[in-house]
Each structure stands twice: as C-alpha cells, then as structure tokens.
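Remarks on the overall topology
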Amino acid sequence: MKRTIQILLMAASFTTWAQSERPKTLIGNDPEDISGFGAVLFSFTPIDGNLSTLTGGGGAVLFDNTFFIGGYGLGLTGNHEFNRDGEDYTTSFGHGGFWLGYNIKPKDLLHMGVETKLGWGSMSTKSVATNENVDEDEVFVFNPQFFGEANIAYWFKVNASVGYQKTIGVDNTFFDTTDFDGPTFGISLLFGWFN
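Below: a short report on this structure. Just so it is clear, the structure is predicted and the values come from calculations on it, not from any experiment.

What counts, and where the lines are drawn
- Residues numbered from 1 in each chain as written.
- Predicted model: local features only at pLDDT ≥ 70, side-chain atom pairs only at ≥ 80, totals over all residues.
- Heavy atoms only, no water.
- Helix = DSSP H or I, 4+ residues; strand = E, 2+ residues; numbered from the N terminus.
- Buried < 20%, exposed > 50% of the residue type's maximum accessible area, 1.4 Å probe, protein only.
- Areas by Shrake-Rupley, 256 points an atom, 1.4 Å probe, with all protein chains shown as cover.
- Salt bridge = Lys/Arg side-chain N within 4 Å of Asp/Glu carboxyl O.
- 1 Å grid on protein atoms, 1.4 Å probe; cavity = no way out; pocket = protein on both sides within 12 Å on 5 of 7 lines; lining within 4 Å.
- Points joined across faces, edges and corners; volume = space filled by probe spheres on them.
- Phe/Tyr/Trp six-rings, centres within 6.5 Å; stacked < 30°, edge-to-face > 60°.
- Lys NZ or Arg CZ within 6 Å of the ring centre and 35° of its normal.

Time to look at the overall build of the protein chain. When its secondary structure is counted, the protein chain shows 1 helix and 9 strands. Mapped from its N terminus to its C terminus, the protein chain presents α and β elements in the order α-β-β-β-β-β-β-β-β-β. Counting across all 195 residues of the protein chain, residues that qualify as buried make up 38%. Surface summary for the protein chain: the accessible area is close to 11,200 Å², and the carbon and sulfur share equals 63%.

A few words now on the pattern of salt bridges. The final tally for this structure, using the stated rule, is 3 salt bridges. Glu 115 serves as the salt-bridge partner of Lys 117, at 3.4 Å between the closest nitrogen and oxygen. Glu 115 sits in the buried class, given a relative accessible area of 5%. Of the charged contacts in the structure, one is a salt bridge between Lys 157 and Glu 149, with a shortest N-O distance of 3.5 Å. Comparing Lys 157 with Glu 149 shows no difference in burial state: the two are buried.

Let us now look at unusual backbone geometry. For Asp 64, which is not glycine, the phi torsion reads 55 degrees and is therefore positive. Along the polypeptide, Asp 64 turns up in the loop between β2 (50–63) and β3 (67–76). The backbone of Asn 65 shows a phi angle near 60 degrees, a positive value even though the residue is not glycine. Summarising the element assignment, Asn 65 is placed in the loop between β2 and β3. You can call Asn 65 buried: its relative accessible area is 5%.

Our next topic: empty space enclosed by the protein. Enumeration over the complete set of coordinates arrives at 2 cavities of 30 Å³ or more. For the largest cavity, the calculated volume is near 70 Å³. What lines the largest cavity is simply Leu 41, Phe 42, Ser 43, Leu 74, Glu 115, Lys 117, Asn 143, Gln 145, Ser 161, Gly 186, Ile 187 and Ser 188. At the level of secondary structure, the elements contributing two or more residues to the lining of the largest cavity comprise β1 (34–47), β6 (110–127), β7 (133–153) and β9 (182–192).

This paragraph deals with the packing of aromatic side chains. Under the counting rule described, the total for this entry stands at 16 aromatic pairs. Ring plane angle 80 degrees and centroid distance 5.4 Å describe the contact between Phe 37 and Phe 68, whose orientation is recorded as edge-to-face. Of this pair, Phe 37 sits in strand β1 while Phe 68 sits in strand β3; the two residues are 31 residues apart in sequence, bridging distant segments of the chain. The same class applies to Phe 37 and to Phe 68, which are both buried. Between Phe 68 and Trp 99, the aromatic rings sit 5.4 Å apart at their centres with planes inclined by 75 degrees, giving edge-to-face as the arrangement. Placement of the pair is Phe 68 in strand β3 and Trp 99 in strand β5 (residues 87–104), with a sequence separation of 31 residues. Exposure remark for Phe 68: the relative accessible area of 4% places this residue in the buried category. For Trp 99, a relative accessible area of 1% translates into the label buried. A cation sits over an aromatic face here: Lys 157 above Phe 194, 4.7 Å from the ring centre.

Function cannot be inferred from these measures alone, as they are strictly geometric.
Written out as structure tokens, the structure is:
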C-alpha cells in the first residue's frame, strides 16, 4: 500500500512538472489563445510631394496576443488636386490587402512591434473641367512599419507607427512610382479581445 501511494505521488509530481515545462508555442491548446480585433486606421504619407491622409479600417485574428494576420483597406481622404499646363485635375487613391504583425511584450502597458501591409489598389485622375477619367492605374503597395502601442483597456489599444511606403505600377501621364513612395506615419485604434 505504501509503495502504491509513493508511485501515485511520483506520477502526480511528474505530471505537474511536465505541464509546467511545456514549450511556448505560437498557437496554444487553449482556445483563449486565439482572439481578434477590428481597427480604425489613419495613414499619413506624401503623394506628389504633398502630405496626404488616408483613412480606413481593418481586422485581424490574433494568436497568443502576439502574432496577427488579417486584412485592411485605406482610401485617400478627399482628392489630391493639382494643375498641369493650366488645367485642373483631381486624383483618387486607395488600396487594401493583407495586414501582418508581431507584438513584442504585449502584456506591458507600453510596448513595441512590427507590421506590414501588402495591398492592391488603384488610382484614377479626372479632369475638373469635364469630370472625365483621363488616366487610371492598378497598383501594388508594400508598407513595412514599426509601432509603439499602449494598452488603454482590455478591449482597446492605440498605436502609432512609422514606416516606408513603396508603390509599384504607377505609370501614367501625370505621375510615376516615386510620387507615391515615401515615409509614412500612422495611428491605429484597435478594438477587440486582448488576452
């Protein structure tokens, strides 16, 4: 009987030790390790030499409160207005696609992370006088960023990011790729379930 009790105690202590020594994984066994969030996005970037604002939204699935993958969409607030050879034009611009990121020490009140947006979009230019499209382009956008984030509540975070936007496929009468390339600054309001 004494021997049986000793074996049971050893088995229980080994089980406890084995559970505590489990390796950390990207996706755990607990369903609560997977959550998600929605976001309101603001992005500030130069377009044709002028600082422009893009607004939009996104959402993502969050794994272990660190890695996230989802989608986003951004559009130019208003239109970019310019004059060429005495004629006035307006250009609209927007893109959307994949949104990937990684939080470093997400349980800290203030923490950092990295993210990138990989998207497809379009830009179109209209004549102000005739309101007709005079040029249109399909584009690809790559925007890697570093961010700092603050945990405001269990369900709300705010982050500010800096990065660089690279746009591929701009080739028309008025602009080229370099007119849409440049440093970016962003603010994101994140609403969701943060473990």
